[in-house]
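# Structural characterization, general
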Amino acid sequence: DAGVTQSPTHLIKTRGQQVTLRCSPKSGHDTVSWYQQALGQGPQFIFQYYEEEERQRGNFPDRFSGHQFPNYSSELNVNALLLGDSALYLCASSVLTDTQYFGPGTRLTVL
Amino acid sequence: EDQVTQSPEALRLQEGESSSLNCSYTVSGLRGLFWYRQDPGKGPEFLFTLYSAGEEKEKERLKATLTKKESFLHITAPKPEDSATYLCAVRRDSNYQLIWGAGTKLIIKP
């Protein structure tokens, strides 16, 4: 049974560019959450998608947007990248809003 | 305001030396408390979910307990492969996000 998968593994962008990160949930899971984790800190909640709708959003600007597809996979888009957006971006999937299982993450570096 | 505090920030133990990690939380209407293990540069790996005070769960050398204000992760006779950052998170009723502590970095020396 495949777990949560994310792509790409690493990404390097320059300030002002746009980036799209992708996530496929664990089999049987219908809910996807995205988190940003800076070095040495705990993850910060960006938003959660369920039934192709953003169900809840954390304290992140509108530059961060997302999408969930009918097969439950999800994308995270970040526009107008800033140096401070450099972080590990984590996707987690769950079912019935219970325990969240995480993917390996995408390391984004903004130069 | 919901808050999660983990202590200590870092813990160095000799192989076989048992100890405990602490997670203190302030949240109104706890839905669940979660423990994860995270290796450098990787995503958090789920360990335990605790739902109510008095609950305990065990897995190999790890045991998690929960009170109304804090949770402990007890590690018994640790091995070097237990070295990782251990993260605690809480979820509130009627809220979907996990609120995280900063983690405890555990180093087990052979």
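The preceding data block contains the structure.
As a starting point, this report considers the structure included with it. (Residues numbered from 1 in each chain as written. Chains lettered and ligands numbered in written order. Predicted model: local features only at pLDDT ≥ 70, side-chain atom pairs only at ≥ 80, totals over all residues. Heavy atoms only, no water.)

For the rest of this paragraph, the subject is the state of the cysteines. All names here are of chain A. Using the criterion set out here, one finds two disulfides over all chains in the structure. In this model Cys 23 forms its disulfide with Cys 91; the gap between the sulfur atoms is 1.8 Å. The sign of the -55 degrees torsion about the S-S bond sets the Cys 23-Cys 91 disulfide as left-handed. One end of the pair, Cys 23, is in strand S3 (residues 19–24); the other, Cys 91, is in strand S9 (residues 87–94), and 68 residues separate them in sequence. Take Cys 91: its relative accessible area is 0%, and that puts it in the buried class. (Disulfide = S-S within 2.5 Å. Helix = DSSP H or I, 4+ residues; strand = E, 2+ residues; numbered from the N terminus. Buried < 20%, exposed > 50% of the residue type's maximum accessible area, 1.4 Å probe, protein only.)

Let us now look at the pattern of salt bridges. All names here are of chain B. Applying the stated criterion to the full structure yields eight salt bridges over all chains. Of the charged contacts in the structure, one is a salt bridge between Arg 37 and Asp 39, with a shortest N-O distance of 3.2 Å. Judged by relative accessible area, Arg 37 falls into the buried class, the value being 15%. (Salt bridge = Lys/Arg side-chain N within 4 Å of Asp/Glu carboxyl O.)

Right, let's talk about the environment of Tyr 51 of chain B for a bit. Counting through the fold element by element, Tyr 51 of chain B comes out in the loop between strand S5 (45–50) and strand S6 (56–59). The class for Tyr 51 of chain B is partly exposed, based on a relative accessible area of 35%. For Tyr 51 of chain B and Arg 91 of chain B, which are 40 residues apart along the polypeptide, the C-alpha to C-alpha distance reads 9.9 Å. Filtering out sequence-adjacent residues up to four positions away, Tyr 51 of chain B remains in contact with Asp 98 of chain A together with Arg 31, Gly 32 and Leu 66 of chain B. (Contact = heavy atoms within 4.5 Å.)

Moving on: the sheet that holds strand S1 (residues 3–7) of chain B. Within a sheet, adjacent strands bond to each other through the backbone by hydrogen bonds, running parallel or antiparallel. Residue and element names in this part refer to chain B. Taken together, five strands build an open sheet; the order of strands is S1-S3-S8-S7-S6 and the sheet is antiparallel. Whereas interior strands pair on both sides, the edge strands pair on one side only; in this sheet they are S1 and S6. For this sheet the average axis-to-axis angle between neighbouring strands, irrespective of direction, equals 15 degrees. Pairing of strand S7 (residues 62–66) with strand S8 (residues 70–75), which is carried by five bridges, proceeds in the antiparallel orientation. For Thr 65, the partnering residue across the bridge sits in S8 and is Phe 72. (Pairing = 2+ DSSP bridges. Axes fitted to C-alpha atoms, helices over the stretch in contact; angles between N-to-C directions.)

Time to look at the pairing of strand S7 (residues 64–68) of chain A. Residue and element names in this part refer to chain A. As paired strands, S7 and strand S8 (residues 74–78) are joined by five bridges and run antiparallel to one another. Across the sheet, residue Phe 64 finds its bridge partner in S8, namely Val 78. Counting the residues between successive antiparallel strands, the hairpin from S7 to S8 contains five residues, one of them, Tyr 72, with a positive phi of roughly 80 degrees.

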